[in-house]
Amino acid sequence: MSQYVIEGGKRLEGELQIEGSKNAVLPIIAATLLNEDITYIRNCPKISDVKIMIQILKELGCHIEWQDHTLVIDTRHLATYVLNESLVKKMRSSIILLGALMGRCGEAQINRPGGCQLGARPIDLHLDALEKMNVMISEMDEAIYCKTLHLQGATINLKFPSVGATENIMLAAVRSEGITVIHNAAREPEIIDLQDFLIACGAKIKGAGTPTILIQGVKKLRGASYEVIPDRIIAGTYLAAAAMTRGSIRLKNVCYAHVKAITDKLEMMGCKMVQENNGLVLSTPQILRGIDIVTEPYPGFPTDMQSQMMTLLCTCKESTTIKENLFEARFKIVDELKKMGADIEVKGCTAYINGYKPLYGTTICAKDLRGGAALVLAGLVAEGTTTVEHIEHVERGYQNIVADLSKLGAKIQERK
Ligand code: UD1
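Residues numbered from 1 in each chain as written. Predicted model: local features only at pLDDT ≥ 70, side-chain atom pairs only at ≥ 80, totals over all residues. Heavy atoms only, no water.

1. Digging into unusual backbone geometry
Argument step 1. Of the consecutive residues Y298 and P299, the connecting peptide bond is found in the cis state with omega at 10°.
Argument step 2. With respect to the helices and strands, P299 occurs in the loop between β17 (293-294) and α10 (306-313).
Argument step 3. With phi around 55°, D68 is a residue other than glycine that occupies positive phi space.
Argument step 4. Tracing the backbone shows D68 in the loop between β4 (63-67) and β5 (70-74).
Argument step 5. By relative accessible area, D68 is classed as exposed at 62%.
Argument step 6. The phi dihedral of R246 is positive, around 55°, even though this residue is not glycine.
Argument step 7. One can find R246 in the loop between α8 (232-244) and β14 (248-252).
Argument step 8. With relative accessibility at 9%, the residue R246 sits in the buried group. (Helix = DSSP H or I, 4+ residues; strand = E, 2+ residues; numbered from the N terminus. Buried < 20%, exposed > 50% of the residue type's maximum accessible area, 1.4 Å probe, protein only.)

This is how it looks when you write it as structure tokens:
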């Protein structure tokens, strides 16, 4: 098992280019199933979640190749509508393939993605919406079989603005008959990116980014060449990393509006932020103020940045709290940070960070993607050597965290 080995104490400084967004590109790759054509996805990150998605599509019969950082996907020929069980189990977000396959084949079989590191993660909203669109759903043991003779547009009121359910409904609706309206839709930038990609393929959609999305079904879509938006969570992670070490960083290829919930918090803590054309610069004073954080759906503070902020708050004198509103099991790094010397308590969905305590390097274990990145951040300021195990979680979403942080002056290496 590979590990990251970090020598703490280096101040980060320098410039990084932010890669394409994981959470934008995964539904876009799923959406290519709908166009029965060739698609070029530019600025596609080479992360393990993307590699699993590619494998799933290949198993369905698609032809896929990399041309540098462009992913070329030919979905003209499909051999099956049954999704590979072991691959689906590796990646919970493979559930978005359901909507795309319904639009393409009218039939799909997928294994229940099951629980994950963040807790139960049900898919009731996805399945209820598909049923409203005239999909018959039957469950056999772990497998879900969906079939429709005629995919029908519908009005869907989501009881929670789920990102994945909103995407699944959009994917099912673009080639269905009539109009679909999604009320209380998720408003994340990745939803807008999916809409923009689908429009580039000839779909009729509007409203992404607002709580109401309108989709007029069309008979056919075509291929497109499309550049994915930058990853706002990777940008946020590196901003937090620089702030941890009281460093300064220039990020290129960042959409400022997408990271505003994160930069607002960093500014409240005392960081200085300068917006640039297609990027931003952060500088950090020696003393940062502790602040409280509450996670919410976009445009609120993203749950995917909660762990990194927890690590950063461990470097502040004031006692602070983090309230996690989205996922039940998203405080798994607390035990690891405590091993390093942090003073944190969890009560229900709130973590209490009881002010500054020096962190010491030790061996800690990544248990989920963002938590793993947050532990790397802790290693940057810990005294001595920190070894992060189970880095496969981090590799799901960071193309090259070792090279990126090294470029900024961190002493970090991967030990195989
Ligand atoms: C997506 C992101 C993930 C991010 C999350 C919230 C991708 C690939 N993943 O995950 O990184 O942390 O949004 O911003 O884009 N829920 C239900 N029933 C459902 C679906 C969801 O109860 O059918 C609940 C979930 O348990 C959770 C909440 O809704 O508590 C948010 O989940 P959702 O927005 O669906 O997140 P994902 O799409 O899974």
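2. Details of the site of the ligand
Argument step 1. D124, S162, G164, D304 and L326 are the nearest of the 18 residues found near the ligand.
Argument step 2. N23 is positioned with one of its side-chain polar atoms (N or O) 3.0 Å from an oxygen atom of the ligand.
Argument step 3. A distance of 2.8 Å is found between an oxygen atom of the ligand and a backbone nitrogen or oxygen belonging to G164.
Argument step 4. Within the complex, 85% of the 740 Å² of free accessible area of the ligand lies under protein.
Argument step 5. Elements with a contribution of two residues or more to the shell around the ligand: α5 (124-132) and α6 (163-173).
Argument step 6. For the shell around the ligand, the leading source of residues is α5, giving 3 residues.
Argument step 7. In the shell around the ligand, the residues fall into 7 nonpolar, 6 polar and 5 charged.
Argument step 8. There are two domains that each give the shell around the ligand at least three residues, and those are domain 1 (3-15 + 231-415) and domain 2 (23-227). (Near = heavy atom within 4 Å. Polar contact = N/O pair within 3.5 Å; in protein donor to acceptor, adjacent residues only side chain to side chain. Areas by Shrake-Rupley, 256 points an atom, 1.4 Å probe, with all protein chains shown as cover. Nonpolar A, V, L, I, M, F, W, Y, C, P; charged D, E, K, R; others polar. Domains from an automatic or database assignment.)

3. Points about the sheet that holds strand β15 (residues 272-276)
Argument step 1. The strand order across the open sheet built from 4 strands is β2-β14-β16-β15, with neighbouring strands paired in mixed fashion. Where the open sheet ends on each side, the last strands, each with one partner, are β2 (13-17) and β15. Strand-to-strand twist in this sheet, taken as the mean axis angle between neighbours without regard to direction, amounts to 15°.
Argument step 2. Bridge analysis of β15 against strand β16 (residues 279-283) gives 5 bridges, and the strand direction is antiparallel. Looking across to β16, one finds that K272 is bridged to S283. (Pairing = 2+ DSSP bridges. Axes fitted to C-alpha atoms, helices over the stretch in contact; angles between N-to-C directions.)

4. Some points on the nonpolar core
Argument step 1. In terms of nonpolar packing, the biggest core is built from 75 residues, with I29, I41, L171, L198 and I213 touching the most fellow members.
Argument step 2. If we ignore the near neighbours within four places in the chain, the residues touching I213 are T166, M170, T180, V181, I182, A185, I191, I205, K206, G207 and A208. (Core = buried A, V, L, I, M, F, W, Y, C linked by side-chain atoms within 4.5 Å. Contact = heavy atoms within 4.5 Å.)

5. Structural notes on the pattern of salt bridges
Argument step 1. Per the counting criterion, the structure on display carries 19 salt bridges.
Argument step 2. Across the salt bridge formed by D74 and R76, the nearest N and O atoms sit 2.6 Å from each other.
Argument step 3. Given the relative accessible area of 13%, D74 is considered buried.
Argument step 4. Looking at R76, the relative accessible area reads 42%, which means it is partly exposed.
Argument step 5. Salt bridges sharing common partners tie together K22, D49 and R396. (Salt bridge = Lys/Arg side-chain N within 4 Å of Asp/Glu carboxyl O.)

6. Focus: α5
Side chains three or four residues apart in an α-helix point the same way, a direct result of the helix having 3.6 residues per turn.
Argument step 1. Of all the residues in α5, the buried ones are L125, H126, L127, A129 and L130.
Argument step 2. The inward-facing, buried residues of α5 contact α4 (97-105), β7 (136-140), β8 (143-147), β9 (155-157) and α6.
Argument step 3. Positive backbone phi, at 75°, marks N134, one or two positions downstream of α5.

7. Quick look at the packing of α5 against α6
Packed helices, taken two at a time, are described by their axes: the angle between them and the distance between them.
Argument step 1. α6 packs onto α5 with a crossing angle of 25° between their chain directions and a minimal axis gap of 8 Å. In terms of their interaxial angle, α5 and α6 are classed as roughly parallel. For the pair α5 and α6, the sense of crossing is right-handed. Of α6, the residues touching α5 (which contributes L125, H126, A129 and L130) are G164, A165, N168, I169 and A172. (Parallel < 35°, antiparallel > 145°, perpendicular 65-115°, else oblique. Left-handed = near helix turned anticlockwise from the far one by under 90°.)

8. Describing the domain arrangement of the protein chain
Argument step 1. What the domain assignment reports for the protein chain is domain 1 (3-15 + 231-415) and domain 2 (23-227).
Argument step 2. Just the C-alpha atoms count here: the centres of domain 1 and domain 2 sit 31 Å apart.
Argument step 3. Taken together, the contacts link 22 residues of domain 1 with 20 residues of domain 2.
Argument step 4. Here domain 1 and domain 2 share an interface that buries about 1,700 Å² over both sides, 50% of which is from carbon and sulfur atoms.
Argument step 5. When the buried surface of domain 1 facing domain 2 is broken down by residue, Y298, R396 and Q399 rank first, second and third, together holding 33% of it.
Argument step 6. Taken together, the links from domain 1 to domain 2 amount to 2 salt bridges.
Argument step 7. For D49, the salt bridge goes to R396, with nearest N and O atoms at 3.0 Å. (Buried area = accessible area lost by both parts, 1.4 Å probe.)

9. Quick look at the packing of aromatic side chains
Argument step 1. As enumerated under the stated definition, the model contains 2 aromatic pairs in all.
Argument step 2. Taking the centre distance of 6.4 Å and the plane angle of 50° together, the rings of Y81 and Y145 count as tilted. Here Y145 lies in strand β8 and Y81 lies in the loop between β5 and α3 (85-90), a separation of 64 residues in the sequence.
Argument step 3. Across the ring face of W66, the terminal group of K46 is positioned such that the distance to the ring centre comes to 5.0 Å. (Phe/Tyr/Trp six-rings, centres within 6.5 Å; stacked < 30°, edge-to-face > 60°. Lys NZ or Arg CZ within 6 Å of the ring centre and 35° of its normal.)

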